[in-house]
Amino acid sequence: MTDINKKTVVCSAIVAIIVALGSAYAFGCCGNKSNFGVVNLQRVVSVSKDVAALRVEREAQINELKKMADDANAEIEKIKDEDKKKAATEKYLAEIQVKKNEFDNAYNTALQASDTKIKNVIESVAEKKNLSAVLSSSSVVIGGEDITEAVVDLVK
């Protein structure tokens, strides 16, 4: 082997070793693992007392809208004049739509507050466990410390 070929082989071997060590370091080998957590968000949401309260509230809102519609239909049925019937229908539809918008706005605001609370709980647990990041467990194939139960304990 010539000197140039020996130098090329040695340089190639050194580069391969550096790449291998760099890869091992970057992917968590050699004792330098990334400290991240995973959480099953579906489970957290399903047991959250705030989310449960929102479901109950939303069901009550839907029932109230149904009752408004039933009452409006009963009143409209009593009207014989077609023009008055049409005007009453438009009036009741507008009232129901206003109420629905109020309910939707209140629900969306409460839902955002609930999402923020869950996120804050996850952040709190992550800080206590010195985790640099928390990912959804549905997105992680391998790795990460599962903090689902710690979060569930705080939201239920």
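First, a word on what this report is: a plain description of the structure on this page. Given the structure is predicted, the values throughout are model-derived calculations rather than measurements.

Digging into the packing of aromatic side chains
Each aromatic ring pair is summarised here by two numbers: the centre-to-centre distance and the angle between the ring planes.
Logical step 1: The final tally for this structure, using the stated rule, is zero aromatic pairs.
Logical step 2: Above the face of the Tyr 107 ring, Arg 58 is positioned so that its terminal group lies 4.4 Å from the ring centre.

Examining the pattern of salt bridges
Logical step 1: In this structure the tally under the stated criterion is eleven salt bridges.
Logical step 2: Taking the shortest distance from any N to any O, the salt bridge between Asp 104 and Arg 58 comes out at 2.8 Å. Of the two residues, Asp 104 sits in helix α4 (residues 82-128) while Arg 58 sits in helix α3 (residues 49-78), which places them 46 residues apart along the sequence.
Logical step 3: A relative accessible area of 16% places Asp 104 in the buried class.
Logical step 4: Put simply, Asp 71 and Lys 67 hold a salt bridge, and the shortest N to O gap is 2.8 Å. On the criterion of helical spacing, the pair formed by Asp 71 and Lys 67 is a turn pair, its members being four residues apart in helix α3.

Cut-offs applied
Residues numbered from 1 in each chain as written. Predicted model: local features only at pLDDT ≥ 70, side-chain atom pairs only at ≥ 80, totals over all residues. Heavy atoms only, no water. Phe/Tyr/Trp six-rings, centres within 6.5 Å; stacked < 30°, edge-to-face > 60°. Lys NZ or Arg CZ within 6 Å of the ring centre and 35° of its normal. Salt bridge = Lys/Arg side-chain N within 4 Å of Asp/Glu carboxyl O. Helix = DSSP H or I, 4+ residues; strand = E, 2+ residues; numbered from the N terminus. Buried < 20%, exposed > 50% of the residue type's maximum accessible area, 1.4 Å probe, protein only.

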